[in-house]
Amino acid sequence: MKDYIEERVLELANYIIETKSTVRATAKKYKISKSSVHKDITERLTEINPALAQEVKQVLECNKAERHIRGGLATRQKYQELQKK
């Protein structure tokens, strides 16, 4: 694996852990695709640093468990804004 990819993987992992960020939000911040973030975190990080991969996995599992709540809140906010107009 190339050095710059390893650096990116570690940087993404640390960002996700520090901010409890989702894959989508991380991809948007680093201006890369969601699939690249997902591959980096699930496959490449496991090879580089398994302990860090476990921490990231816990954050992503938490995000996955909460996603239906976030979706509902976003929909609610959207319709509240439409009613104001």
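Colleague: Which residues make up the pattern of salt bridges, and what values go with them?
Modeller: By the definition in use, this model includes four salt bridges. Put simply, K39 and E43 hold a salt bridge, and the shortest N to O gap is 3.2 Å. Pair noted here: K39 and E43 are both in helix α3 (residues 34-48), with a separation of four residues, about one helical turn. On the basis of relative accessible area, K39 is assigned to the partly exposed category, the value being 36%. Residue D40 pairs with R44 through a salt bridge whose shortest N-O separation is 2.5 Å. Here R44 and D40 lie together in helix α3, a separation of four residues that amounts to about one turn. Relative accessible area serves as the criterion here: at 0%, D40 is assigned to the buried category. Counted as one network, the salt bridges with shared partners bring together R8, D40 and R44.

Colleague: An account of a negative patch on the surface is requested, with residue identities and associated values reported.
Modeller: There is a patch of like negative charges on the surface, built from D3, E6, E7 and E11. Along the polypeptide, D3 turns up in helix α1 (residues 3-19). Note on D3: relative accessible area 58%, which makes it exposed.

Colleague: Describe in detail the side chain of N63, supporting the description with residues and values.
Modeller: Position of N63 relative to the elements: it lies in helix α4 (residues 50-84). A polar contact is formed between the side chain of N63 and the backbone oxygen of S21, at a distance of 3.0 Å. Once you skip the residues sitting within four places of it in the chain, N63 turns out to touch K20, S21, T22 and R70.

Colleague: Run through helix α2 (residues 23-30), naming residues and quoting values.
Modeller: Taken together, the buried positions of α2 are V23, T26 and A27. The buried residues of α2 all sit within an arc of 100° when viewed along its axis, so they share a single face. Residues R24 and K28 are exposed on α2 and point more than 90 degrees away from its buried face. In this structure, the buried side of α2 is in contact with α1, α3 and α4. Just beyond α2, the residue with positive phi is K31, at close to 55°.

Procedures and definitions
The written sequence of each chain sets the order in which its residues are numbered from 1. At least 70 in pLDDT is required for a residue's local features to be given in this predicted model, at least 80 for side-chain atom pairs to be given and counted, and no such filter applies to totals for whole chains, interfaces and linings, which use all residues. Each side-chain value is derived from all of the structure's non-hydrogen atoms; neither hydrogens nor water enter the calculation. Any carboxyl oxygen of Asp or Glu that lies within 4 Å of a side-chain nitrogen of Lys or Arg is treated as forming a salt bridge with it. Here a strand is any run of E in DSSP of at least two residues, a helix any run of H or I of at least four, and the numbering for each starts at the N terminus. Partly exposed describes any residue whose relative accessible area lies between the buried limit of under 20% and the exposed limit of over 50%, with all areas from a 1.4 Å probe on protein chains only and scaled to the type maximum. Patches were defined on residues exceeding 30% relative accessible area and lacking a salt bridge, with like-charge contacts within 9 Å and nonpolar side-chain contacts (Val, Leu, Ile, Met, Phe, Trp, Tyr) within 5 Å. Accessible surface is estimated by sampling points in the Shrake-Rupley manner with a 1.4 Å probe; for residues, cover comes only from the protein chains shown. His is not counted here, nor are the chain ends, while Lys and Arg score as positive and Asp and Glu score as negative. To locate a charge, take NZ of a lysine, CZ of an arginine, CG of an aspartate or CD of a glutamate. Any N or O atom pair separated by 3.5 Å or less is treated as a polar contact, with the protein-specific requirement of one donor-capable and one acceptor-capable atom, and with residues adjacent in sequence counted only for side-chain atom pairs. In what follows, a contact means two residues having at least one pair of non-hydrogen atoms within 4.5 Å. The directions considered for the arc are those from the helix axis to the C-beta atoms.

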